[in-house]
Amino acid sequence: MIEAVINSGRKVPSLNNVGLAELILTGSWYIWWERRCFTHGEPIQTASRSAMSIAALSYNYMRAQTKTMKVRRGWMKPPEGKLKVNVDASFAAGMGSTGVVIRDSGGGFIAASVSFLPSVLDATMAEAYALKEGLCLVNQIGYSNFVLQSDCQEVIDIMNEEGFTASAAAPIFEICYDLWKDLPKATMEHCDREANQVAHELARQALQTKSSCTWVDSQPMFITAFFANDVTILSDE
């Protein structure tokens, strides 16, 4: 049966269309390797992190077979000992949503959240709420040494002006700055959209499903492919 599945040539759409055969074979090797580590008393990853590693290895192998490829530029791991917090927002027809994801220096999942905003004036207000949710989530897990990234340059500029803005989002930015000013070890920076895909997908899903949720330690399945893509080193030209 396994031989038939491997020879079927099937793809896995939810994991960037990686080949099912490659996924099974990589997974089998990875489980063997983890078992070997466990037998020798070495630390092993959680099941969710192992799944992400298997997906990333399979995707890298698939990309390496293409004739034209380049080293991709996207999400980068934070320095050792720091967390990275990515935030993003979606806005449509007077409604909005936020997405937040927190990862460690190994790229491992720490926490994530989504929030549906039934009434939002504009995209800037939605991005301000995303920033607030990111600061609240990292505060909730009790960590103050982190890098926060947003792909909205306006958010970064406003926070560099101590949260001052003449827009309708002013009260939200004021809350954000009150949270931010007591975090001397934390830094905030702009990132490209490519480096913010997981937070973007979280926000998109929240707007589509009109839901709010928080995950700690175990990531939601619908972002697994995006996680794997973030640690994939190759992309098509």
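The rules we used
Residues numbered from 1 in each chain as written. Predicted model: local features only at pLDDT ≥ 70, side-chain atom pairs only at ≥ 80, totals over all residues. Heavy atoms only, no water. Helix = DSSP H or I, 4+ residues; strand = E, 2+ residues; numbered from the N terminus. Buried < 20%, exposed > 50% of the residue type's maximum accessible area, 1.4 Å probe, protein only. Contact = heavy atoms within 4.5 Å. Arc of directions from axis to C-beta. Phe/Tyr/Trp six-rings, centres within 6.5 Å; stacked < 30°, edge-to-face > 60°. Lys NZ or Arg CZ within 6 Å of the ring centre and 35° of its normal. Polar contact = N/O pair within 3.5 Å; in protein donor to acceptor, adjacent residues only side chain to side chain. Core = buried A, V, L, I, M, F, W, Y, C linked by side-chain atoms within 4.5 Å.

### Some details on the overall build of the chain
Here's step 1: For the chain, the count of helices and strands is 8 helices and 10 strands.
Here's step 2: Burial statistics for the chain: of 237 residues in total, 48% are counted as buried.
Here's step 3: For the chain, restricting intrachain contacts to residue pairs at least 6 apart in sequence, the fraction spanning at least 24 positions comes to 71%.

### Let's talk about the environment of D104
Here's step 1: Looking at the element boundaries, D104 is found in the loop between β5 (95-103) and β6 (109-117).
Here's step 2: The exposure class assigned to D104 is buried, which follows from its relative accessible area of 15%.
Here's step 3: Sequence separation between D104 and P79 is 25 residues; the distance between their C-alpha atoms is 8.9 Å.

### Some words on helix α6 (residues 170-180)
Here's step 1: Those residues of α6 not exposed but buried are I172, F173, C176 and W180. All buried residues of α6 fall inside an arc of 95 degrees around its axis, so they share one side.
Here's step 2: Turning to α6, the residues buried within the fold contact α4 (123-140), β7 (146-150), α5 (153-160) and β8 (187-190).

### A look at the packing of aromatic side chains
Here's step 1: Under the defined criterion, the tally for this structure stands at 3 aromatic pairs.
Here's step 2: When the ring of F146 is compared with that of W180, the centres are 6.1 Å apart and the planes differ by 70 degrees; the resulting orientation is edge-to-face. Here W180 lies in helix α6 and F146 lies in strand β7, a separation of 34 residues in the sequence.
Here's step 3: On the numbers, 6.1 Å between centres and 75 degrees between planes, the contact of W215 with F222 is edge-to-face.
Here's step 4: With a relative accessible area of 19%, W215 lands in the buried category.
Here's step 5: On the basis of relative accessible area, F222 is assigned to the partly exposed category, the value being 31%.
Here's step 6: Cation over ring: K84 sits above W75, and NZ or CZ is 5.5 Å from the ring centre.
Here's step 7: The ring centre of F227 lies 4.8 Å from the NZ or CZ of R103, which sits over that ring.

### Focus on the side chain of S150
Here's step 1: Within the secondary structure layout, S150 lies in strand β7.
Here's step 2: Only 3.1 Å separates the side chain of S150 from the backbone nitrogen of C152, close enough to count as a polar contact.
Here's step 3: Here S150 is in contact with V87, E127, V155, I156, E189, H190 and C191, once residues within four sequence places are set aside.

### Overview of the nonpolar core
Here's step 1: Of all hydrophobic cores here, the largest spans 32 residues; its most connected members are L131 and F146.
Here's step 2: Listed by contribution, the elements that provide at least two residues to this core are β4 (83-92), β5, β6, α4, β7, α5 and α6.
Here's step 3: When residues of this core are assigned to their parent elements, the largest contribution, 8 residues, is made by α4.
Here's step 4: Discounting chain neighbours no more than four positions away, the residues touching L131 are V87, L148, V155, M159, F173, C176 and M188.
Here's step 5: Among the nonpolar cores identified, the runner-up in size contains 11 residues, and V101, A112, V198 and L202 belong to it.

### Concerning the environment of G99
Here's step 1: Examined against the element boundaries, G99 turns out to sit in strand β5.
Here's step 2: The buried category is assigned to G99, whose relative accessible area is 0%.
Here's step 3: Along the sequence, G99 and S115 sit 16 residues apart, while their C-alpha atoms lie 6.9 Å from each other.
Here's step 4: Contact partners of G99, with chain neighbours within four places excluded, come to N86, V87, D88, S113, A199, L202 and A203.

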